[in-house]
Structures are given as C-alpha cells and as structure tokens.
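This is what each chain is made of:
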Amino acid sequence: MGDGQDVDVVFKIDENTYQKYQNNPSGMLQKVRSILKDTYTTTDHISAWGKVVLVEFTEGCHNVEVAPCFEKEDGVFLIPNTCYSEVDWEEFDVRGQLDSFTSSNEVSHGLSRDLVKIVKKWVRNTSSLKYSSYNIVNDVIDFILENYPSGRGSASYDIVIKDWFTYMENHTPSHLTDYKTCITTAKNRAVKAMQFANEGKYVEATQECRKIFGDMFPKAEKNDIKAKECSIISPVRPWASC
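Residues numbered from 1 in each chain as written. Predicted model: local features only at pLDDT ≥ 70, side-chain atom pairs only at ≥ 80, totals over all residues. Heavy atoms only, no water.

Side note on the packing of aromatic side chains
In this description, a pair of aromatic rings is defined by centroid distance and the angle of the planes. Across all of its chains, the model carries nine aromatic pairs by this definition. Considering the side-chain rings of Trp122 and Phe165, the 5.0 Å spacing of their centres and the 80° angle between planes classify their relative orientation as edge-to-face. Here the residue Trp122 occupies a position in helix H4 (residues 111-124), and Phe165 occupies one in helix H6 (residues 157-171), the gap between them amounting to 43 residues. The class for Trp122 is buried, based on a relative accessible area of 3%. Here Phe143 and Tyr148 contribute two aromatic rings whose centre-to-centre distance is 5.8 Å and whose plane-to-plane angle is 50°, an arrangement assigned as tilted. (Phe/Tyr/Trp six-rings, centres within 6.5 Å; stacked < 30°, edge-to-face > 60°. Helix = DSSP H or I, 4+ residues; strand = E, 2+ residues; numbered from the N terminus. Buried < 20%, exposed > 50% of the residue type's maximum accessible area, 1.4 Å probe, protein only.)

Thoughts on the pattern of salt bridges
Two side chains of opposite charge can pair, provided their charged atoms sit close to one another. For the coordinates displayed, the defined rule picks out nine salt bridges. Here Glu71 makes a salt bridge to Arg95, at a shortest N to O gap of 3.1 Å. Of this pair, Glu71 sits in strand S4 (residues 64-71) while Arg95 sits in helix H3 (residues 94-107), and the two are 24 residues apart along the sequence. The shortest N-O distance in the salt bridge between Asp163 and Lys162 comes to 3.1 Å. (Salt bridge = Lys/Arg side-chain N within 4 Å of Asp/Glu carboxyl O.)

Details of a nonpolar patch on the surface
A cluster of nonpolar side chains, Val7, Val9 and Phe11, forms an exposed patch at the surface whose accessible area comes to about 230 Å². Taking relative accessible area as the criterion, Val7 reaches 37% and is therefore assigned partly exposed. (Patch = residues over 30% accessible without salt bridge, like charges linked within 9 Å, V, L, I, M, F, W, Y side chains within 5 Å. Areas by Shrake-Rupley, 256 points an atom, 1.4 Å probe, with all protein chains shown as cover.)

Observations regarding the pairing of strand S5 (residues 77-81)
The element S5 is largely enclosed, with a buried count of five among its five residues. Residue alternation in S5 divides its side chains into two sets, Phe77, Ile79 and Asn81 and Leu78 and Pro80, and both sets are buried. Summarising the sheet, S4 and S5 pair through two bridges and their orientation is antiparallel. By the bridge assignment, Glu71 is partnered in S5 with Phe77. From the end of S4 to the start of S5, which pair antiparallel, there are five residues, and Gly75 there has a positive phi angle of about 90°. Pairing geometry for S5 and strand S6 (residues 88-92), over five bridges, is antiparallel. Paired with Phe77 across the two strands is Phe92, which belongs to S6. (Pairing = 2+ DSSP bridges.)

Some words on unusual backbone geometry
At His109, a residue that is not glycine, the phi angle is positive and equals roughly 55°. Among the secondary structure elements, His109 is positioned in the loop between H3 and H4.

Let's talk about the nonpolar core
One broad trend across soluble globular proteins is that nonpolar side chains are buried collectively. Ranked by internal contacts, the top residues of the largest apolar core, which has 36 residues, are Leu115, Val119, Trp122, Tyr131, Phe143, Trp164 and Phe165. Within the residue set of this core, elements represented by two or more residues are H4, helix H5 (133-147), H6, helix H7 (177-198) and helix H8 (202-213). Apart from the residues within four sequence positions on either side, Trp164 is in contact with Leu115, Val119, Tyr131, Asp139, Val140 and Phe143. If you look at the next biggest cluster of nonpolar residues, it comprises 15 residues, including Tyr18, Val32, Leu36 and Val55. (Core = buried A, V, L, I, M, F, W, Y, C linked by side-chain atoms within 4.5 Å. Contact = heavy atoms within 4.5 Å.)

Let's talk about the packing of H3 against H5
With their axes 10 Å apart at the nearest point, H3 and H5 run at an angle of 40° to one another. Taken together, H3 and H5 sit at an angle that is classed as oblique. Between H3 and H5 lies a crossing of left-handed hand. Two secondary-structure elements touch here, H3 through Gln97, Ser100, Phe101 and Ser104 and H5 through Tyr134, Val137, Asn138, Ile141 and Ile144. (Axes fitted to C-alpha atoms, helices over the stretch in contact; angles between N-to-C directions. Parallel < 35°, antiparallel > 145°, perpendicular 65-115°, else oblique. Left-handed = near helix turned anticlockwise from the far one by under 90°.)

Structural notes on the confidence of the model for the protein
If pLDDT is low for a region, its predicted coordinates should not be looked at in detail. Taken residue by residue, the protein gives an average pLDDT of 83. The fraction at 70 or more is 83%. Within the protein, H6 carries the highest mean pLDDT (95), whereas helix H9 (residues 225-229) carries the lowest (50). Confidence over residues 227-237 falls short of pLDDT 50; this stretch has 17 contacts with residues more than four positions distant or in other chains. (pLDDT = per-residue confidence, 0-100.)

Quick word on the packing of H7 against H8
For any two helices packed against each other, one specifies the inter-axial angle together with the distance between the axes. Two elements in contact, H7 and H8, have axes separated by 7 Å at closest approach and are oriented at 165°. Viewed along their axes, H7 and H8 adopt a mutual orientation that is roughly antiparallel. Between H7 and H8 lies a crossing whose hand is left-handed. For the pair H7 and H8, the contacting residues are Ala186, Arg189, Ala190, Lys192, Ala193, Phe196 and Ala197 in the first and Tyr202, Glu204, Ala205, Glu208, Cys209, Lys211 and Ile212 in the second. A class-by-class count of the residues in the contact of H7 with H8 yields nine nonpolar, no polar and five charged. (Nonpolar A, V, L, I, M, F, W, Y, C, P; charged D, E, K, R; others polar.)

Here you go:
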C-alpha cells in the first residue's frame, strides 16, 4: 500500500527462514537490513524499525518500508514485532487490512485515504516518532469508524486533524511516554492553528501547521481573505495530495 510518498513492501520468506528466526524476530529484521545495505550501497539510511526495515532517502519524496513476512496456511502473515519489550512475531492480515481500508475509504468518501496521507506527513516531519504504515492504517480505520463513518461532511480538515490527534491521545497507553508526547504536541499545535485562523491570523495558523507537517505545508503570506482561501484551513483537496 502506498500513499504517494511512501512505498510499503511485503517480503515473503520461506518456512526454513522463518524457522531459523522464529525465536529471533529482531535478527530477521537485521538480516534483511544487512542484505539491503549490501545491495543498495548508495542509499542514505537503512535501519530496522519496529516491525519493518525502513529505507529513507534524503532526496526524493518517499521512504520504503520492507516487512519480512511468513505466510501461514490460512493466508495470514506473521511479521517480526520489536516495538516493545516482548519481542515476538505477530499476525498481520495483509489482505484483510486492504479490504478493510478499501471499505472504510468508500463509506467515508475518501477521508480514510486522505487522513492516512496527512498522518504520514506528520510522521515524516517528526524524527523522534516511530509509527509504521501498518499501524497508521489500522488506527485510521478505527478512528473513521468511531468518528466519521460517513465521511467528514461539512467538517473542515483542520477539525478532522484535531479530532484525530485527540483520539490518538486518548487511545495511547500512558507508559508510551515519548509517543504520547509527540501526539499531544501535535494536537496542541493543531488547536492553536485553529484559534489563529478563527482570529483571522492565517499566517500564524499556517506557521503552526508547518510545525506539525513540515515545509511542504502551504504557507499564507498575509492575513487577508485571499490568504485564507489558498491556505490549508479549508482546501479543495487535502494538502498532502500535492
């Protein structure tokens, strides 16, 4: 599944390889990392990252997440999970997630896809945050189902984004301190941007948004109605599709 900036790759391993690394999922990620580094010697940064091997590029507009997977007889995959203290292999229903995401995107009139792209912009601009595409998609599906099951309707994207960060803040365990701090910081900036926009301070509003999403976020040059119309506050399409 790709979003225009990222490429997510499922790499199937055979049973012998799975058996070799069954008790060492982090070793599986390191093995894939080593192979990629030996093969693509000019690539900027390749690292084991939670459940995938992350390939980052300094130039260009995308990263690549490679997930080594073992397919069980029922069609569900096992992927290495090194995100927490209990390192293990976990089930990943690739086909089921694709079906769920397609359904969510259809009933929400494209909001699910838009939000995934926007969240990935935030993740790319937050260097201390580890948040894989696999988890982003699942969280967006759950968020849409609970908050915007029929789409955003008359709600502007700034409201949806604020609701997203609030939802994630409320659903993130307190012991994940660093992760929750990133979410809370982004939520507070989103709320501040909305307050600036409501006061007609569109320059300040977009400055706050750029702190969340990076310099590709459209910048208002002055505080007038024209600036509001061309800003991200109420875009014709989400800014992340640019």
